[in-house]
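Observations on chain architecture
Residues per chain, in single letters:
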Amino acid sequence: MRRIPFLLLLLLLPAALRAQRDSLGALERAEHVAAVEAFLSERFYGHSPVGELYRPTLSLSRLEVRMQLRREEEARLEPLGDGALEGSLRAESYRRLDPQSVVWADAHYVRGRRDNVRWNSTADYLLLYPYITADSIGGDLSTEEYAFGGGYARRLGRFAVALRGDYRAGQEYRQVDPRPHNVVSDFTLRFGGGIEWQRHTLLADFAWRLYKQNQRISFQNETNIVRELFMTGLGSYLPRYSGKSSSTTVAYEGRGYGAALQFMPRTGTGWYARAAWERFTADRNYRPNNSIPVSSLTTQELKADVVYRAARWSAGAYGNFGQRLGTEMIADRNGQGSIVDRQTLYENRMHEVGAEATVVWHRGAGRYVLHPSIVWSTSTARYLAPRREMIVSRLGATLRGEASWLLDNWRLAATAGVGYYAPPREGLRLDALADYLAEYLTRTAARLNCRHLAPEASLHAERRLRNRTACFAEVRYAPRFYHGGSSEHHLSAACGLIF
């Protein structure tokens, strides 16, 4: 992994050498890209690999070094810790080869630490919960990840085709008991096609995903009492596989697929619409017993998004529905690892709807954007036997403003915004649950449903080095202030080159 910074640079070279030479300088191209991103329609180009062909931006590459800091007085989600510090090297490039084709690529390398992680010994918690391995002791986790991907899209008469691949690998580890060491491999392939009419285009894209995680939890000091629990949802766990041993090994095997349809104008203004469906299944296998499957999690998500873009404004609405179903396996006890029964005991239904708008205007060398939005979401998790339930919801509104100025040798940008969120509905039922697990889940529900204020501010500056190259620096601060007095703080800073 230590060679990754050099690989990031090499990743951009083929695209840069074959790309069309734009006559505009680096600052002008960066402002052009930012102007496109000011409209809600911008996200549609990245949703589909074919959509990249119609992105109304110029060729631009970016190389940056970034530091991110997170500190929470009380952990919002204890499985993610109450703080983090990470540094990363990131590279991305979007290049038009000719009027009929485009290529793009991105890569990153991240190394850091998450502080006071509790009730989770598994990587990719948000992907695999609640079927994770957990303990009440926890500790700091060292993390390392690299990822790279790229795509190619081409127009063939009235038709268009595209292909994109992404690969992510990472590891997490701790050098005090309990000592998890998790290694992740995640590969996604996306492909699609489109057909053009005079003013609009219809796109279809498909995705296939292969996921693996190998987990090993070891103990150097056998005199300490630490229980590793095979969690199954809302405090339940499998006693047969839980406890303390010299080593606990688990393998996650996941596969997923998805499909989407997208309608969009060939020029910038008009109606944009997208409907997408994704399904992902992950099996948790207990390796000491012939890699017997212990549980299986199936996640499905339906998404719909519609936006209208005019010359100086855009408005849109979106809705998401998600479902997580957990099935637990019952195996025989003869050591052969045969499954004799399956029971679906966990279900988590998630709904989210929102509306937003942007207004853009220009004065002199300045461009100004106003972005209001409103969102409502709810998550209802249930475990069937014994009966348990947790309801988390959020209703909130945000107002965000942005200003940028393009000068002779400088491009400056600033953003400021504020949001407020409150829970319109909440609930918690924890029947037949041990006190220490009930306390943990009660804290989690209270934090997720807590009213809070979320301001944000950022500054960004770019300086021309040569006509086609510029350097930049930026800083962003986004705290959260919760009802009751606690707070959390997010700070990021970056610098790099654009060319």
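The coordinates are above.
The sections below set out a description of the structure shown in this document. All values reported here derive from a predicted model rather than from experimental measurement.

1. Considering the environment of leucine 297
Tracing the backbone shows leucine 297 in strand β13 (residues 292-309). As a C-alpha pair, leucine 297 and tryptophan 277 span 20 residues in sequence and 17 Å in three-dimensional space. Apart from the residues within four sequence positions on either side, leucine 297 is in contact with Leu127, Leu128, Tyr129, Tyr131, Phe280, Thr281, Ala282, Arg324, Leu325 and Gly326.

2. Re the nonpolar core
Ile132, Phe230 and Tyr241 are the most contacted members of the largest nonpolar core, which has 37 residues in total. With five residues, the single largest contributor to this core is helix α5 (residues 435-448). Apart from residues no more than four positions distant in its own chain, isoleucine 132 is found in contact with Trp119, Asn120, Thr122, Tyr125, Leu229, Phe230, Met231, Tyr252 and Arg284. Among the nonpolar cores identified, the runner-up in size contains 16 residues, and Val50, Tyr54, Val102 and Met264 belong to it.

3. Concerning helix α2 (residues 26-37)
Each turn of an α-helix holds 3.6 residues, which means side chains three or four residues apart point in the same direction. Given a rise of 1.5 Å per residue, twelve residues ought to cover 16 Å, and the 17 Å separating the end C-alpha atoms of α2 matches this to within 8%. Three or more residues of α2 are buried, namely Ala26, Leu27, Arg29, Ala30, Glu31, Val33, Ala34 and Val36.

4. What to know about the pairing of β13
In the sheet, strand β12 (residues 270-286) pairs with β13 via 17 bridges, with the strands oriented antiparallel. The residue bridging glutamate 278 from the neighbouring strand is glutamate 301, located in β13. Taking the residues that link successive antiparallel strands as the turn, the β12-β13 hairpin has five residues, and the phi of asparagine 290 there is positive, at about 55°. Counting the residues between successive antiparallel strands, the hairpin from β13 to strand β14 (residues 313-331) contains three residues.

Rules of the game
Residues numbered from 1 in each chain as written. Predicted model: local features only at pLDDT ≥ 70, side-chain atom pairs only at ≥ 80, totals over all residues. Heavy atoms only, no water. Helix = DSSP H or I, 4+ residues; strand = E, 2+ residues; numbered from the N terminus. Contact = heavy atoms within 4.5 Å. Core = buried A, V, L, I, M, F, W, Y, C linked by side-chain atoms within 4.5 Å. Buried < 20%, exposed > 50% of the residue type's maximum accessible area, 1.4 Å probe, protein only. Expected span 1.5 Å × (residues − 1). Pairing = 2+ DSSP bridges.

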